[in-house]
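# Secondary and tertiary structure notes
So you can see what is in the structure, the chains are spelled out below.
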Amino acid sequence: MKYYLMRYNYAQGDRQNHISGLKKLNDTMPDYSVCSGKYVENWNPDITLVCDNKKENIVPDWLCDIDGWLVVSQRFVDTVKPFENGAIQYLPIKVDAIQPQMQGEKYYVANVITVLDVVDYEKSDWFPMGPNDEYRGLINYTLKKDEIKENHLFIIKDDVLSELVVVSEELKNAMVKAKLLGFGFIEVEVV
C-alpha cells in the first residue's frame, strides 16, 4: 500500500480564496500541545478561532491555523472516522466567522495521537538538529512498511512537531472522493 504526507494545500487555498484562521481567543493551551502526539486532558472548549476574511470565500475542511493545529470540519471527521481506529482525539473548537456559510458548522482540532517509529534512516535524507544534535530534521522520508502495520493515519515519532500527518492510500482516496477542501498529499517511499 502507498502512503502520503498530508499537507495543507496552500496552492489550492490561494487559488480558491479559502477561509483561514487569523487568531485565537481564550487560548490557554501551549502552542504544540495538540500536535505533539499526546492525549490532551484539559481541553478548553471555549477556544475560538477567528476567521474574519471580508470576501465571500470557499469554506475548507481544513482551516489553516496560525499555530499549526489541524482544525478540521465535521465532514473530515465523518470521512476519516472509519479509518482512524482511535488515532485522533477530536477537540471541539469554536469558529467565529463573518461568512454566512460557516454559521452552524462544527470544527475540531484533530489531535493525532498515534505516533509510530517508522523512518528508515539509512534510506532517508536528514540532518542533525538541536544544541547536541539530539534531534533529526527529516528532508526526504523513507518509511518501514513492517512498522506501519495496519495504520491508516499517524505521525512520525522523530518528527512530531512538523505538523505532518501520514495517511494510507485508502484513506487519501476516501478524502479525495469526499471532495474535502484544503488537503494536499505527497507520496512517501515505503520499503
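Owing to the predicted nature of the structure, the values given are computational and were not obtained by experimental measurement. (Residues numbered from 1 in each chain as written. Predicted model: local features only at pLDDT ≥ 70, side-chain atom pairs only at ≥ 80, totals over all residues. Heavy atoms only, no water.)

Turning to a negative patch on the surface, a few remarks are in order. A contiguous patch of negative charge on the surface is contributed by D117, D146, E147 and D158. Here D146 shows up in helix α3 (residues 145-148). (Patch = residues over 30% accessible without salt bridge, like charges linked within 9 Å, V, L, I, M, F, W, Y side chains within 5 Å. Areas by Shrake-Rupley, 256 points an atom, 1.4 Å probe, with all protein chains shown as cover. Salt bridge = Lys/Arg side-chain N within 4 Å of Asp/Glu carboxyl O. Lys, Arg positive; Asp, Glu negative; His and termini not counted. Charge placed at Lys NZ, Arg CZ, Asp CG, Glu CD. Helix = DSSP H or I, 4+ residues; strand = E, 2+ residues; numbered from the N terminus.)

Moving on to the sheet that holds strand β8 (residues 115-116). What the six strands build is an open sheet, ordered β8-β12-β13-β1-β14-β11; its pairing is mixed. Only two strands of the sheet have a single neighbouring strand rather than two, namely β8 and β11 (142-143). Note: strand β1 (residues 3-8) against strand β14 (residues 183-190), six bridges, orientation antiparallel. Its bridge partner lying in β14, L5 is registered against I186. Sheet strands in contact with helix α4 (residues 169-177) are β1, β12 (153-156), β13 (165-168) and β14, and its direction is about 90 degrees off that of β13. (Pairing = 2+ DSSP bridges. Contact = heavy atoms within 4.5 Å. Axes fitted to C-alpha atoms, helices over the stretch in contact; angles between N-to-C directions.)

To continue, consider the pattern of salt bridges. Overall, the coordinates contain three salt bridges when judged by the stated rule. Residues D61 and R75 are paired through a salt bridge, measuring 3.0 Å at the closest nitrogen-oxygen approach. Here the residue D61 occupies a position in the loop between β3 (48-51) and β4 (62-63), and R75 occupies one in helix α2 (residues 74-84), the gap between them amounting to 14 residues. A relative accessible area of 39% places R75 in the partly exposed class. (Buried < 20%, exposed > 50% of the residue type's maximum accessible area, 1.4 Å probe, protein only.)

Another aspect to go through is the pairing of β14. Bridge count between β11 and β14: two bridges; the pairing is parallel. The residue bridging T142 from the neighbouring strand is E189, located in β14.

When we look at burial in α2, the residues that qualify are F76, V77, T79, V80, F83 and E84. In the core, the buried residues of α2 are packed alongside β5 (71-73), β6 (88-97), β7 (107-112), β12, α4 and β14. Here α2 starts with a cap whose side-chain oxygen sits 3.3 Å from the backbone nitrogen of R75, and that cap is S73. Positioned one or two residues after α2, N85 has a phi angle of 45 degrees, which is positive. (Polar contact = N/O pair within 3.5 Å; in protein donor to acceptor, adjacent residues only side chain to side chain.)

All quantities given are derived from atomic positions and should not be read as evidence of function.
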